[in-house]
Amino acid sequence: MKEYYLIIFLISLIFISACGEESSTNDQSNTNTQPSSSNTNIKIYKIGDKFTLNKITYTVNKVDKLDFIGNEFLNKQPDGIFYIISLTVENTDNKAREYFSPEFKIVDSKNREFTDDREATLYLKTSGYEPIFFEQLQPSLPKQGAVAFDLPTDANGLKLKIKDGMFSSEEVIIDLDL
């Protein structure tokens, strides 16, 4: 019976340790410009600004609109229009990190929230883009890639939200100026 309590205690200790470690490593800084902010917890950046979430530095480089993704053999049609967010990610830690796509969302002026289109993102390579997810990031070696969104044609006032994973409270907003 004592072994049972010891195992429960060790599992709880590991879980608490892992949660505490993540919250202490979340680093959010801006290396280029001062962001504007209406809320002290959420910073708003522009295309081209650099910001860091949990030792990964992001730069949104550009946004493209596409009527379809792919080529004549492999393609995907949008329900509305595809918005392709091209970005650069860089590991600022001193060791390699597995990079699983963070939580990307776009919010429009009507406060509608859209998640990235994972299937369309897989087709990006056939349109000359490099999809970015499930990468191993070596320290100080930036990688460029893209994420696809399928949005209604009437969407405007677009802002990209990036959150460092499902369990993180760290979030930034990039005004896409669209």
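Whatever comes next refers back to the structure up there.
Residue indices begin from 1 for each chain and proceed along its sequence in written order. Per-residue local features of the predicted model are confined to residues with pLDDT of at least 70, and side-chain atom pairs are confined, for both listing and counting, to 80 or more; whole-chain, interface and lining totals are unaffected and use all residues. Hydrogens and water molecules were not included; the side-chain quantities draw on all heavy atoms of the structure.

This part is about unusual backbone geometry. Of note in the backbone geometry, Lys 55 takes a positive phi value of approximately 65 degrees without being a glycine. The backbone phi angle of Ser 140 is positive, close to 60 degrees, even though this residue is not glycine. Within the secondary structure layout, Ser 140 lies in the loop between β11 (135-137) and β12 (143-151). The way it works is that DSSP assigns letters per residue, a run of H or I at least four long becomes a helix, a run of E at least two long becomes a strand, and they are numbered from the N terminus.

Residues Leu 160 and Ile 162 line the buried face of strand β13 (residues 159-163), whereas the alternating positions Lys 159, Lys 161 and Lys 163 sit on a face that is not buried. Criterion used throughout: strands pair if DSSP finds at least two bridges between them. Here strand β9 (residues 103-107) runs beside β13; their pairing, made up of 5 bridges, is antiparallel. Counted as the bridge partner of Lys 105 is Lys 161 from β13. Pairing between β13 and strand β14 (residues 171-175): 5 bridges, direction antiparallel. The residue bridging Lys 161 from the neighbouring strand is Ile 173, located in β14. The buried label goes to any residue with under 20% of its type's maximum accessible area, the exposed label to any with over 50%, and the partly exposed label to all in between, with areas taken from a 1.4 Å probe on protein chains only.

Salt bridges, as used here, are contacts in which a Lys or Arg side-chain nitrogen is within 4 Å of a carboxyl oxygen on Asp or Glu. Under the criterion given, the structure shown has 13 salt bridges. Between Asp 108 and Arg 112 there is a salt bridge whose closest N-O contact spans 2.6 Å. The class for Arg 112 is partly exposed, based on a relative accessible area of 26%.

What follows concerns the packing of aromatic side chains. Stacked, edge-to-face and tilted labels apply to pairs of Phe, Tyr and Trp rings (six-membered ring for Trp) whose centres lie within 6.5 Å, assigned for plane angles under 30 degrees, over 60, and everything in between, in that order. Here the structure, examined in full by the defined rule, presents 2 aromatic pairs. Linked through ring pairs, Tyr 45, Phe 51 and Tyr 58 together constitute an aromatic cluster.

This paragraph deals with the environment of Ser 86. Tracing the sequence through the fold places Ser 86 in strand β7 (residues 81-91). Each C-alpha atom of the pair Ser 86 and Gln 144 lies 7.3 Å from the other, and the pair is 58 residues apart in sequence. Residue contacts follow a heavy-atom distance rule, with two residues in contact if any of their heavy atoms lie within 4.5 Å. Here Ser 86 is in contact with Thr 59, Val 60, Asn 61, Lys 62, Tyr 129, Gly 145 and Ala 146, once residues within four sequence places are set aside.

As used here, the term nonpolar core means buried Ala, Val, Leu, Ile, Met, Phe, Trp, Tyr and Cys residues forming a set that is joined through side-chain atoms within 4.5 Å. Ranked by size, the top nonpolar core spans 28 residues in total, and within it Tyr 58, Ile 85, Phe 149, Leu 160, Ile 162, Ile 174 and Leu 176 carry the most contacts. Mapped by element, the contributors of at least two residues to this core are β3 (50-53), β4 (56-66), β7, β9, β12, β13 and β14. Tallying contributions element by element places β7 first for this core, with 5 residues. When sequence neighbours within four positions are dropped, the list of residues in contact with Leu 160 reads Val 60, Ile 85, Phe 104, Lys 105, Ile 106, Phe 149, Val 172, Ile 173, Ile 174 and Leu 176. Core analysis: the second largest hydrophobic core is formed by 8 residues, Phe 82, Ile 84, Ala 120 and Leu 124 among them.

What follows deals with the sheet that holds β7. With respect to topology, 4 strands assemble into an open sheet ordered β3-β4-β7-β12, the strand pairing being antiparallel. Each end of this open sheet is capped by a strand with a single partner; those strands are β3 and β12. Strand-to-strand twist of the sheet, defined as the mean angle between neighbouring strand axes without regard to direction, takes the value 35 degrees. Taken together, the 10 bridges between β4 and β7 define a ladder with antiparallel strand orientation. Looking across to β7, one finds that Tyr 58 is bridged to Val 89. Interaxial angles span 0 to 180 degrees and are taken between N-to-C directions of axes, which are lines fitted to C-alpha atoms, for helices over the stretch in contact.

Before going further, it helps to spend a moment on the pairing of β9. Burial within β9 is extensive, with 4 of its 5 residues counted as buried. The pairing of β9 with strand β10 (residues 113-115) spans 3 bridges and is classified as antiparallel. Bridging across to β10, Val 107 finds its partner in Glu 113. Linkage of β9 to β10, two consecutive antiparallel strands, is achieved through a turn of 5 residues, within which Asn 111 is found at a positive phi near 65 degrees.

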